[in-house]
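Structural characterization, general
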Amino acid sequence: MRGKVRFMQGNEAIAEGAFYAGARFFAGYPITPSSEIAEIASRRLLKLGGYYLQMEDELASLAAVIGASLCGVKAFTATSGPGFSLMQENLGVAIMAEVPCVVINVQRSGPSTGLATRPAQADVMQARWGTHGDHAIIALSPASVQECFELTVRAFNFAERFRTPVILLADEIVGHMRERVVLPEAGELEVLERKRPRVPPEEYLPYQPDVDGVPPMSDFGSPYVFHATGSMHDERGLPNNSPENARRVIRRLHDKIYNHRDELTLTRGFAMEEAEYLVIAFGATARAARKALRLARERGVRVGLLQLQTLWPFPEEVVEGAAGRVRGLIVAEMNLGQIVHEVRRVVGWDRPVVSVAKSDGEGITPDEILAGLEAF
Amino acid sequence: MSISSLQAFLRTEALPHFWCAGCGNGIVLGALVRAFVRLELDPTRVVVVTGIGCWGKADDYLLTHAFHVTHGRALAFATGIKVVRPDLTVLALMGDGDGATIGGNHLIHAARRNVDVTAVVVNNQNYGMTGGQYSATTPAESCTSTSPYGNPEDALDICALADAAGANYVARSTVYHVRQLENFICEAITKKGFSLVEAASICPTHYGRNNRLGTPTEMLRRLREQAVPLARGEVGGDRIVIGRLVEREREDFNARYEAVRRRAVEGGRLG
Ligand code: SF4
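Residues numbered from 1 in each chain as written. Chains lettered and ligands numbered in written order. Predicted model: local features only at pLDDT ≥ 70, side-chain atom pairs only at ≥ 80, totals over all residues. Heavy atoms only, no water.

1. Regarding the overall build of chain A
Looking only at helices and strands, one finds 13 helices and 16 strands in chain A. Its C-alpha radius of gyration of 21 Å places chain A within 12% of the 21 Å reference for a compact globule of 376 residues. Across its three principal axes, chain A shows a C-alpha extent of roughly 70 × 45 × 40 Å. When the 376 residues of chain A are sorted by exposure, 63% land in the buried category. For chain A, the share of sequence-separated contacts (at least 6 apart) that also reach a separation of at least 24 residues comes to 77%. A total of about 13,900 Å² of accessible surface is found on chain A, and carbon and sulfur atoms cover 49% of it. (Helix = DSSP H or I, 4+ residues; strand = E, 2+ residues; numbered from the N terminus. Rg over C-alpha atoms; globule rule 2.2 N^0.38 Å. Buried < 20%, exposed > 50% of the residue type's maximum accessible area, 1.4 Å probe, protein only. Contact = heavy atoms within 4.5 Å. Areas by Shrake-Rupley, 256 points an atom, 1.4 Å probe, with all protein chains shown as cover.)

Shown next, in the form of structure tokens:
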């Protein structure tokens, strides 16, 4: 990549990624360990012609983000566990009303206030199922400062492409670490915009999907007058509670994401070719896993790493394919075991899968991952 | 005012509306639509945000841009909309449960922030849609489906709250005083900064029945008797003080924000 080489923090790279993707609105509520993102947004957005709003709580923060996005402004918020819990309510609105937006969750250790300054990866299932009702969600997880930047851009692209909220599940380690990053020039990374109506205003229906399941989106204040709603609705955005309509809407909201899993699946493989054993990890844990690979090799054991950048929808095909070539799998994550259940579901319960799970506010070490090998 | 001018805002094909016979909501909807016509608003440049509750269904009957959101959060959504599109007319339609109970915190901060949004709060003194439970504005001692032996809590004065939080315009009328209500809505929309109009209303189906207040007509008559113009200076009891309660000239949020932006761009404080 060309571009400027910088030394920066993960949270800073997330904010820069958002601005690169065209985000011009941030609303949030301060919370450790994500507050740097708000602070940077408060400084930079003023000069970029955008808006920073500090709301009264995280409910209001995501509400304001959704409101701004309905006016055609790319918008995001950043939080951590307790705030992410409050955002679940309006996350559902963004899903149902189909409003693109990005929610950054720099994960810390819980439950409740928990260990406010310590890392965790324990909101994986909350990201998937935290808001009530049947729904699909997209969640990405960065493992480096560079990925903080690039996956934030991707998060906005997915949000715009699929008219849906996207969660960036970072963790305190990645959010607060500083390392080298190459900031791409404008135009170097793809930046997507939402689809616009192609019919005259009087024919526009805000919830009439194209063949890809995604309806074109107009802005509040444009001649394309429309109703957006978090309630069950027909293609006009007006109430329709019939079972046929509900079935169609819930199915479409699910399928518009799940039918595009190939587009949404982002993974990285390390030393997977000749590997006898495979580590599956994401976020900061993937960094420890890379070190574990080298240590294992020194001891003559061939271990590969599959790093999941996309957590939801779960990269089933990639995991299945990679698992078929090895004798055993290790799933490492900073929680008591969340993604491991997805892996077991996909590879089958008869395959040897070891869970390296840790939930004490400390990162997983390479040695702890290697110790998982002893189970085989 | 011609029918056709009202039809620019009213989704007549959605009528008859879903509210109970004798409900005050239709009266407020009428006042709102007439206010839109009188102000010669362009429906493509109006955004109505509604919360959850009987009055929160009002957007179903409007031809403006609309956003039907979560219970209590309408003002927070409206804030995001107004901040990025200061040129649009943005309203939040909420009931007393929605706007002042579950949404009380957002009401305080929308008023404090002085964002140029108009809140039209219909106060029917209970949660109508869920079956008539008590809300923050249910009078003490009165009966609801969750206070069958009398409400142990005192009622919140929505207008006093908006005043204390710094709203630029606060007014109260009732669904009996229809012309006044319409005038206040017009003034509130025109006023820069946060404005709130409380419409004291009736819910014959639940609050009325639970407290043996009689027919909708009798409830309206009672509302007329309870209402006291501000100038009379009478307060307390079951009186409802009506009138223009607050008029301030604080700069609205967007104006303040642009002043801060100028400072940032010119390299002022904290550059
Ligand atoms: S329940 Fe009460 S507030 Fe709701 S529509 Fe009926 S009368 Fe009106």
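Next comes the rest of the write-up.
2. Focus on the site of the ligand
Taken together, Trp19, Cys20, Cys23, Cys54, Asn124, Gly128, Cys203, Pro204, Thr205 and His206 of chain B form the complete shell of residues around the ligand. Class assignment for the residues of the shell around the ligand results in 6 nonpolar, 4 polar and no charged. (Near = heavy atom within 4 Å. Nonpolar A, V, L, I, M, F, W, Y, C, P; charged D, E, K, R; others polar.)

3. Considerations on the environment of Glu258 of chain B
The residue Glu258 of chain B is located in helix α10 (residues 253-265) in this model. Taking the C-alpha atoms as reference points, Glu258 of chain B and Asn168 of chain B, 90 residues apart in sequence, are found 19 Å from one another.

4. Considerations on unusual backbone geometry
At the junction of Gly110 of chain A and Pro111 of chain A, the peptide bond is cis and its omega measures out at 0 degrees in the coordinates. As for its placement among the helices and strands, Pro111 of chain A is situated in the loop between β5 (101-109) and β6 (115-119). Pro16 of chain B follows Leu15 of chain B through a cis peptide bond whose omega is 5 degrees. If you check the backbone angles, Ser112 of chain A has positive phi at about 55 degrees while not being a glycine. With respect to the secondary-structure elements, Ser112 of chain A resides in the loop between β5 and β6.

5. Notes on the environment of Leu196 of chain B
Residue and element names in this part refer to chain B. Following the sequence through the fold, Leu196 ends up in strand β6 (residues 195-200). Each C-alpha atom, one on Leu196 and one on Val175, is 16 Å from the other, the two residues being 21 residues apart in sequence. Residues in contact with Leu196, not counting those within four places in the same chain, are Leu107, Ala119, Val121, Ile158, Cys159, Ala162, Tyr169, Val170 and Ala171.

6. Re the sheet that holds strand β2 (residues 65-68) of chain B
Ordered in space as β10(A)-β2(B)-β1(B)-β3(B)-β4(B)-β6(B)-β5(B)-β8(B)-β7(B), the 9 strands form an open sheet in which the pairing is mixed. Among the strands making up the open sheet, the edge pair consists of β10 (227-229) of chain A together with β7 (227-229) of chain B. For this sheet, the mean inter-axis angle between neighbouring strands, taken without regard to orientation, is 20 degrees. Relative to strand β8 (residues 240-247) of chain B, strand β5 (residues 169-174) of chain B runs antiparallel, the two sharing 4 bridges. From the neighbouring strand, Arg172 of chain B faces β8 of chain B, where its bridge partner is Gly243 of chain B. Contacting β1 (46-50), β3 (89-95), β4 (118-123) and β6 of chain B, helix α2 (residues 25-38) of chain B runs over the sheet at an angle of about 160 degrees to β4 of chain B. Across the sheet, helix α9 (residues 216-226) of chain B lies against β5, β6, β7 and β8 of chain B, angled at about 30 degrees from β7 of chain B, the strand it touches most. (Pairing = 2+ DSSP bridges. Axes fitted to C-alpha atoms, helices over the stretch in contact; angles between N-to-C directions.)

7. A word on the state of the cysteines
Applying the stated criterion to the full structure yields 0 disulfides over all chains. Cysteine Cys148 of chain A remains unbridged, with the sulfur of Cys101 of chain A as its closest cysteine sulfur at 19 Å. Left without a disulfide partner, Cys143 of chain B is nearest to the cysteine sulfur of Cys203 of chain B, which lies 14 Å away. (Disulfide = S-S within 2.5 Å.)

8. Some points on the nonpolar core
Judged by nonpolar contacts, the single largest core of 168 residues is most densely connected at Phe25, Ile66, Phe76, Ile339 and Val343 of chain A together with Phe67 and Leu196 of chain B. Per-element tally for this core: the top contributor is helix α6 (residues 145-162) of chain A, with 10 residues. Residues lining this core come from more than one domain, with at least three contributed by each of domain 1 (1-264) and domain 2 (268-375) of chain A. One finds Val28, Leu91, Ala171 and Ala227 of chain B within the second-largest nonpolar core, a separate group that totals 45 residues. (Core = buried A, V, L, I, M, F, W, Y, C linked by side-chain atoms within 4.5 Å. Domains from an automatic or database assignment.)

9. Regarding the domain arrangement of chain A
All names here are of chain A. Parsing chain A into structural domains produces domain 1 (1-264) and domain 2 (268-375). Its C-alpha centre places domain 1 at a distance of 28 Å from the equivalent point of domain 2. Between domain 1 and domain 2, the contact holds 32 residues from the first and 27 residues from the second. Interface of domain 1 and domain 2: buried area, both sides summed, is about 2,300 Å²; carbon and sulfur atoms make up 54% of it. Inspection of the domain 1/domain 2 interface yields 5 salt bridges. Put simply, Arg118 and Glu362 hold a salt bridge, and the shortest N to O gap is 3.2 Å. (Buried area = accessible area lost by both parts, 1.4 Å probe. Salt bridge = Lys/Arg side-chain N within 4 Å of Asp/Glu carboxyl O.)

10. Notes on the interface of chain B and chain A
Contact residues are listed per partner, giving 39 residues for chain B and 43 residues for chain A. When chain B packs against chain A, close to 3,200 Å² is buried across both sides, 63% of that on carbon and sulfur atoms. The interface formed by chain B and chain A holds 18 residue pairs in polar contact (both at pLDDT 80 or more) in total. Those elements that provide at least two residues to the side of chain B that touches chain A are β2, α3 (74-84), α5 (104-113) and α10 of chain B. Residues belonging to the side of chain B that touches chain A are distributed by class as follows: 17 nonpolar, 11 polar and 11 charged. Two strands pair when backbone bridges link them, and β10 of chain A and β2 of chain B are joined in this way by 3 bridges, in the parallel orientation. (Polar contact = N/O pair within 3.5 Å; in protein donor to acceptor, adjacent residues only side chain to side chain.)

11. Points about the confidence of the model for chain B
Chain-level statistics for chain B give a pLDDT mean of 96 and a share of 99% at 70 or above. With pTM at 0.98, the complex prediction returns an ipTM value of 0.97. (pLDDT = per-residue confidence, 0-100.)

12. With respect to the packing of helix α11 (residues 316-323) of chain A against helix α12 (residues 339-347) of chain A
All names here are of chain A. Here α11 crosses α12 at 70 degrees, and the two axes come no closer than 9 Å. With respect to their mutual orientation, α11 and α12 come out roughly perpendicular. As α11 packs across α12, the resulting crossing turns out to be right-handed. Between α11 and α12, the residues in contact are Glu316, Val319, Glu320 and Ala323 and Val343, Arg345, Val346 and Val347, respectively. For the contact of α11 with α12, the per-class residue count stands at 5 nonpolar, no polar and 3 charged. (Parallel < 35°, antiparallel > 145°, perpendicular 65-115°, else oblique. Left-handed = near helix turned anticlockwise from the far one by under 90°.)

13. Points about the packing of aromatic side chains
Per the counting criterion, the structure on display carries 17 aromatic pairs over all chains. The interplanar angle of 75 degrees and the centroid separation of 6.4 Å between the aromatic rings of Phe19 of chain A and Phe76 of chain A together place this pair among those described as edge-to-face. In this pair, Phe19 of chain A is assigned in helix α1 (residues 10-20) and Phe76 of chain A in strand β4 (residues 75-79), connecting sequence segments 57 residues apart. Residue Phe19 of chain A is classed as buried on the basis of its relative accessible area of 5%. Relative accessible area serves as the criterion here: at 0%, Phe76 of chain A is assigned to the buried category. When the centroid spacing of 5.0 Å and the interplanar angle of 20 degrees are considered together, the rings of Tyr277 of chain A and Phe376 of chain A count as stacked. With a gap of 99 residues between them, Tyr277 of chain A in strand β12 (residues 277-281) and Phe376 of chain A in the segment after α13 (366-373) connect regions that are remote in the sequence. Looking at Phe376 of chain A, the relative accessible area reads 33%, which means it is partly exposed. Taken together, the aromatic side chains of Tyr204, Phe220, Tyr224 and Phe226 of chain A together with Phe67 and Phe77 of chain B make up a single cluster linked through ring pairs. Stacked on the ring of Phe18 of chain B, the Lys or Arg Lys57 of chain B has its end atom at 5.0 Å from the ring centre. It is Arg261 of chain B that lies over the ring of Tyr51 of chain A; its NZ or CZ is 5.2 Å from the centre. (Phe/Tyr/Trp six-rings, centres within 6.5 Å; stacked < 30°, edge-to-face > 60°. Lys NZ or Arg CZ within 6 Å of the ring centre and 35° of its normal.)

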